[in-house]
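Each chain, written out:
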Amino acid sequence: MRKIKSLTACVIVLAMAFSTAVMAAPSPAAGVVAVVVPGSAAAKPAEVKVPTEEEIKAITDFIAKNAAATGTIPSVKSTIDIVAPADYKGGNAPIVFAVAGLRDGAKNVFAYIRLKNGKVLIIPCAVKNGYVGFYAPAFGTISIVEHISAPTAAAPAGSAVPATLH
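What you are looking at is a predicted structure, and each value in this text was computed from that prediction instead of being measured.

Q: When you look at unusual backbone geometry in this model, what are you seeing that I'm missing?
A: Phi is mostly negative for residues that are not glycine, and the peptide bonds are mostly trans. Of note, Asn 129 is a non-glycine position whose phi angle comes to about 50 degrees, a positive value. Along the chain, Asn 129 falls in the loop between strand S8 (126–128) and strand S9 (131–136).

Rendered as structure tokens:
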């Protein structure tokens, strides 16, 4: 009985240690999305909503199909619904927001924008200091996705193996 209690205590301590490490480095200014409306000079905070279950399912299905077609593994970092500002009349609006878990300068990060009519746009993103930036030609449900190269198949049996490892 004493061993079970000790094991339980160790598991709890380890679980707390791992969860604390993850929570220790939050993304910068998390929860704020800045939008510059074409024709205006200053960035404004945008209205951000939680996407509905249907919107999440629709964009997730599209991301999975696209990743399968490109042979990559998608890693969805964030999904939000951005409402167009009142003075937005169209055009490419620069959007910047904090997304954790991406390295600076990553080239395989994309914003998937699902419009209200169901059409999905794929926009490349720039990543710097925990922030993701891109130009959005429209607003809707946005998922930030990092595409990871799928592992290649193992070398066939009998293939040459180096004699020494460096």
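Q: Please explain the sheet that holds strand S2 (residues 44–45) as it appears in this structure.
A: Strand pairing within a sheet occurs via backbone hydrogen bonds; the two strands may be parallel or antiparallel. On the basis of which strands lie adjacent, the open sheet formed by 5 strands has the order S2-S1-S5-S9-S8 and antiparallel pairing. Two strands in the sheet have a free side with no partner beyond their single neighbour: S2 and S8. Pairing of strand S1 (residues 33–35) with strand S5 (residues 93–98) involves 3 bridges; the strand directions are antiparallel. Pairing of Val 33 across the sheet is with Phe 97, part of S5.

Q: Teacher, can you tell me more about helix H2 (residues 53–70) here?
A: One full turn of an α-helix is made of 3.6 residues, so residues set three or four places apart face in the same direction. Counted at 1.5 Å a residue, the expected span for H2 with its 18 residues is 26 Å, and the 26 Å between its end C-alpha atoms agrees. Within H2, the full set of buried residues consists of Glu 55, Ile 59, Ile 63 and Ala 67. Viewed along the axis of H2, the buried residues span an arc of 90 degrees, placing them on a single side of the element. Facing away from the buried side of H2 by more than 90 degrees, the exposed set consists of Glu 53, Glu 54, Lys 57, Lys 65, Ala 68 and Ala 69. For H2, the elements touching its buried residues are strand S4 (72–83), strand S6 (109–114) and strand S10 (141–149). Of the residues flanking the end of H2, it is Gly 71, one or two places downstream, whose phi is positive at about 75 degrees.

Parameters at a glance
- Residues numbered from 1 in each chain as written.
- Predicted model: local features only at pLDDT ≥ 70, side-chain atom pairs only at ≥ 80, totals over all residues.
- Heavy atoms only, no water.
- Helix = DSSP H or I, 4+ residues; strand = E, 2+ residues; numbered from the N terminus.
- Pairing = 2+ DSSP bridges.
- Expected span 1.5 Å × (residues − 1).
- Buried < 20%, exposed > 50% of the residue type's maximum accessible area, 1.4 Å probe, protein only.
- Arc of directions from axis to C-beta.
- Contact = heavy atoms within 4.5 Å.

Read these as geometric descriptors, not functional statements.
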